[in-house]
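Observations on chain architecture
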Amino acid sequence: MSKQDWAVYHALKQPVTTLKGVGEALAEDLSLLGIKTIEDLLFHFPYRYDDCRPKDLAEVGHEETVTVEGTVHSEPVLRFYGRNKARCSFKVLVGRYLITAVIFNRPYVKQQVKVGRSIRLTGKIDKHRLQLTVQHYQWSDTASNKGEETLLPVYSVTGKLKVAQLRKWMKAALRDYAAYIPEMIPQSLLTRYKLLPRPEALRKIHFPKDYEEGKQAKRRFIYEEFFLFQLKMQALRKRHREQVEGIPQHYDQQKVENFIRSLPFELTAAQRKALDQILHDLKSPFAMNRLLQGDVGSGKTVVAAISLYASISAGYQGAFMVPTEILAEQHYLSLKQFYRNENIQIALLTGSSTPKERREILAGLQLGTIDLVVGTHALIQKDVYFKNLGLIITDEQHRFGVEQRRQLRRKGAAPDVLLMTATPIPRTLAITAFGDLDVTVIDELPAGRKKVETYWVKEHMLDRVFRFMQNEIDQGRQAYVVCPLIEESDKLDVQNVIDFHAKLCKVFPQYRIGLLHGRLSSAEKGKTMRRFAQGEIQILVTTTVIEVGVDVPNATLMIIYDAERFGLSQLHQLRGRVGRGNHQSYCILIADPKTEAGIQRMHIMRSTHDGFEVAKKDLALRGTGDFFGTKQSGLPDFKVADMIRDYRALEVARKDAQALIQNPSFWTDEQFGLLRTYLEEQLGTGEKLLD
Ligand code: ADP
Ligand code: MG
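So, here is what we can say about the structure in this document. A quick note: this is a predicted structure, and the numbers were derived from the prediction, not measured. (Residues numbered from 1 in each chain as written. Chains lettered and ligands numbered in written order. Predicted model: local features only at pLDDT ≥ 70, side-chain atom pairs only at ≥ 80, totals over all residues. Heavy atoms only, no water.)

This part covers the site of ligand 1. In the region of ligand 1, 17 residues are neighbours, and Gly297, Lys300, Thr301, Arg449 and Asp551 sit closest. Gly299 places a polar main-chain atom, nitrogen or oxygen, 3.1 Å from an oxygen atom of ligand 1. Notes on ligand 1: free accessible area 570 Å², of which the protein chains cover 85%. Classifying every residue of the shell around ligand 1 gives 5 nonpolar, 6 polar and 6 charged. (Near = heavy atom within 4 Å. Polar contact = N/O pair within 3.5 Å; in protein donor to acceptor, adjacent residues only side chain to side chain. Areas by Shrake-Rupley, 256 points an atom, 1.4 Å probe, with all protein chains shown as cover. Nonpolar A, V, L, I, M, F, W, Y, C, P; charged D, E, K, R; others polar.)

Put into structure tokens, the structure is as follows:
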């Protein structure tokens with residue numbers, strides 16, 4: 001970076017108190033807004049503009065806030081009332097309209113009002129009475145008061161700060177520091193997207209001539225925010241790849257293909273593609289860090305099984321971590337089934353393992369006599385050691401925290417890591433949210449799957465729901481009934497899962513009806529789940545312990561009680577428990593939502609079956625912060641950009657950043673000096689984005 005660049009880069013880092021008029025007291029208020037330096041100030045963008053351009057009254061609506069220009073047409077009338085209150089009114093001719101201007105509590109105005117003077121008034125207009133309640137006014141006939149016919153920025157303020165002060169300082173800062181505002185976006189990209197240069201965009205986002213100018217300035221900063229963020233992410237990813245030396249796992253391709261052929265079904269094209277990417281990563285000398293995303297029922301488990309098979313056949317151990325014991329046991333059983341003709345030692349390690357089992361498993365993992373362990377959080381405990389851990393798979397990864405995943409990763413030297421999730425985050429958002437991950441999407445369901453028909457009914461139709469249920473079960477199918485909470489609560493008035501179980505037992509004395517909830521011991525839960533999976537139980541009444549991953553293809557009916565209490569993604573996950581076999585499946589939402597959002601959620605569930613679509617709508621309803629859960633998301637606070645609204649710009653910026661990072665001249669060329677400095681500064685703290 002040249003000396004001059006350096007000076008430029010640091011001019012903006014001076015404290016905001018360098019500006020005339022910004023004292024210590026106000027500096028404190030400013031810092032509450034996150035403004036410490038000149039740069040912070042310049043990037044404190046307005047959230048809207050006051051339109052101070054004179055308007056033609058004919059085009060203005062009732063009760064709108066407007067600025068008009070006219071001539072005083074009558075002597076002022078000043079009236080005092082109440083305690084210390086004053087009201088001054090006079091007529092003003094604005095175009096063809098004779099309006100009444102009313103100014104409160106500024107009695108001195110009376111002296112200034114003279115028939116024939118030109119005045120500019122801003123305030124709310126009552127179109128019926130042609131009366132304008134004045135917020136501010138300006139005499140436009142004195143030269144010094146030549147008003148500004150512009151949009152004035154409105155900023156968020158706090159403490160003693162006034163918007164007018166911020167406007168003044170902003171102008172001063174723009175004037176004095178315009179020369180020091182460095183361009184961050186490479187010229188070629190500015191040209192390609194017709195983006196305003198940075199200093200000009202800054203000026204225009206604060207003081208646009210019209211809304212279009214403001215919009216263009218904003219467009220530039222939306223791109224800039226995404227671009228810089230993505231640049232950081234791509235740089236992190238590059239660094240991760242260079243620093244972490246992975247294990248090239250030399251599995252036998254032929255053996256793996258034979259194993260795939262031994263499976264009871266053919267892989268879908270999407271599964272095959274995902275698998276190929278994973279196998280490629282296993283073989284490569286980089287440590288894989290990949291997110292496998294697939295809608296519920298898309299068949300991620302078998303992809304995991306094959307990947308683990310490859311790693312094990314190359315001489316390594318595998319670990320498969322899942323969030324619940326029910327799921328751990330299910331995966332353990334299905335992997336055993338998949339590997340029934342293979343010489344692979346699998347163990348199941350959960351909180352319910354007996355001390356003796358646990359001791360044996362830990363010894364086996366350390367000695368290398370166990371090839372694969374499936375388990376819950378039990379896997380990340382301190383005393384768990386592996387001889388030769390090659391591949392880690394985390395299912396339902398969104399259920400784990402960053403720290404838990406990191407702990408598991410540390411169990412090996414540089415294991416390959418595959419995170420699986422059914423939480424269908426649109427792909428770009430996933431890449432952004434998880435930044436340094438590669439993302440693979442299984443965007444296809446196995447053939448023969450039918451849409452889960454989804455209905456929304458009110459509580460009073462329960463009898464019909466029961467008849468429908470009876471019909472399904474009499475045809476040999478099974479049903480889930482999900483209730484939101486386990487205990488009765490006056491406040492929430494939710495159906496108690498235990499009550500509902502009792503009620504169903506009365507309605508259907510001929511069926512075996514199971515009950516699952518969080519208060520049961522793991523052993524009890526496991527037993528009930530196994531009985532349901534084997535068809536011994538026809539109806540399973542449960543809380544959301546069932547939500548993730550459970551796979552019972554013969555279950556065709558999902559009834560969700562008080563469905564309005566669940567979020568969209570959760571409803572979709574629950575619905576995904578059915579429709580896993582060849583039979584037509586149904587999801588019945590019993591709900592009486594009181595809110596508009598609740599009603600909307602029911603409509604979306606009825607009409608949308610694709611998890612990605614559901615997620616997108618969920619995002620739109622809830623906003624990103626809530627969707628990702630701010631704690632772990634690692635997402636930055638964008639000032640003007642919005643990941644949902646500006647989805648396309650995000651995708652474009654990601655590709656551009658990726659291309660730039662991969663371009664060797666980025667690391668040497670003078671013109672990218674500033675960007676490199678920016679990255680150096682950012683990456684010092686960026687480490688925590690890695691998980
Ligand atoms: P999820 O992606 O939700 O974890 P699973 O891995 O549990 O889905 O798979 C759902 C069901 O589909 C399982 O019963 C599984 O055996 C079956 N399945 C997976 N892949 C295929 C395929 N290619 N063809 C047919 N059935 C499949
Ligand atoms: Mg699954």
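There is more to say after this.
Moving on, we come to the pairing of strand S9 (residues 289-294). Most of S9 sits inside the fold, with 6 of its 6 residues counted as buried. Judged by which residues are buried, S9 turns out to be covered on both faces: Asn289, Leu291 and Gln293 on one side and Arg290, Leu292 and Gly294 on the other are all buried. One ladder, built from 5 bridges, connects S9 with strand S14 (residues 416-421); its direction is parallel. Residue Asn289 lies in a different strand from S14, and its bridge partner there is Val417. As defined by bridge partners, S9 adjoins strand S15 (residues 438-442) across 5 bridges and the pair is classed as parallel. Note on S15: the bridge partner recorded for Leu291 is Val439. (Buried < 20%, exposed > 50% of the residue type's maximum accessible area, 1.4 Å probe, protein only. Helix = DSSP H or I, 4+ residues; strand = E, 2+ residues; numbered from the N terminus. Pairing = 2+ DSSP bridges.)

Enumeration according to the criterion identifies 26 salt bridges in this entry. Put simply, Asp51 and Arg53 hold a salt bridge, and the shortest N to O gap is 2.9 Å. Overall, Arg53 belongs to the partly exposed group, its relative accessible area being 22%. Residues Lys204 and Glu213 are paired through a salt bridge, measuring 3.9 Å at the closest nitrogen-oxygen approach. Each member of the pair, Lys204 as well as Glu213, carries the same accessibility label: buried. Beyond isolated ion pairs, a larger network of salt bridges with shared partners links Glu183, Arg198, Arg220 and Glu224. (Salt bridge = Lys/Arg side-chain N within 4 Å of Asp/Glu carboxyl O.)

This part is about helix H16 (residues 462-474). With 13 residues, H16 ought to run about 18 Å at 1.5 Å a step, and its terminal C-alpha atoms sit 18 Å apart, in line with that. Residues Leu462, Val465, Phe466, Met469, Glu472 and Ile473 constitute the buried set of H16. In a view along the axis of H16, the buried residues occupy a sector of 120 degrees, so they form one face of it. In H16, those exposed residues whose orientation departs by more than 90 degrees from the buried face are Asp463, Arg464, Arg467 and Asp474. Remark: Gly476 follows H16 within two positions and exhibits a positive phi of approximately 95 degrees. (Expected span 1.5 Å × (residues − 1). Arc of directions from axis to C-beta.)

The next thing to look at is the packing of helix H7 (residues 198-206) against helix H8 (residues 211-243). At a closest axis distance of 8 Å, the pairing of H7 and H8 adopts a crossing angle of 125 degrees. Classified by the interaxial angle, the pair formed by H7 and H8 is oblique. Here H7 runs over H8; the crossing is left-handed. In this structure, H7 uses Arg198, Ala201, Leu202, Lys204 and Ile205 to contact H8, whose residues at the interface are Glu213, Gly214, Ala217, Lys218, Arg220, Phe221 and Glu224. Looking at the contact of H7 with H8, its residues break down into 5 nonpolar, 1 polar and 6 charged. (Axes fitted to C-alpha atoms, helices over the stretch in contact; angles between N-to-C directions. Parallel < 35°, antiparallel > 145°, perpendicular 65-115°, else oblique. Left-handed = near helix turned anticlockwise from the far one by under 90°. Contact = heavy atoms within 4.5 Å.)

What follows deals with the sheet that holds strand S20 (residues 555-561). One open sheet holds the 6 strands; their spatial order is S16-S21-S20-S17-S19-S18, and the pairing between them is parallel. Of all the strands in the sheet, the pair left with one neighbour each is strand S16 (453-457) and strand S18 (513-516). Across the sheet, the mean angle from the axis of one strand to that of its neighbour is 15 degrees, orientation sign disregarded. Seen against the sheet, H16 touches S16, strand S17 (478-482), strand S19 (539-542), S20 and strand S21 (586-590) and runs at an angle of roughly 160 degrees to S20.

This part takes up the packing of aromatic side chains. Summed over all chains, the structure comprises 21 aromatic pairs. Ring centres 6.4 Å apart and planes at 70 degrees place the aromatic pair Tyr49 and Tyr211 in the edge-to-face group. On the criterion of sequence distance, the pair formed by Tyr49 in strand S1 (residues 48-51) and Tyr211 in helix H8 is long-range, its members being 162 residues apart. On the accessibility criterion, Tyr211 (43% relative accessible area) is partly exposed. Judged by centre distance (5.6 Å) and plane angle (40 degrees), the ring pair of Phe259 and Tyr339 falls under tilted. Note that Phe259 is positioned in helix H9 (residues 253-261) and Tyr339 in the loop between helix H12 (325-338) and strand S11 (346-349), a separation of 80 residues in sequence. (Phe/Tyr/Trp six-rings, centres within 6.5 Å; stacked < 30°, edge-to-face > 60°.)

Okay, the environment of Pro107 next. Along the chain, Pro107 turns up in the loop between strand S5 (97-104) and helix H4 (109-112). For the pair Pro107 and Lys85, spaced 22 residues apart in the sequence, the C-alpha separation amounts to 8.9 Å. Pro107 has contacts with Leu78, Phe80 and Ala86, leaving out every residue within four places of it along the chain.

Honestly, it's all geometry; don't read function into it.
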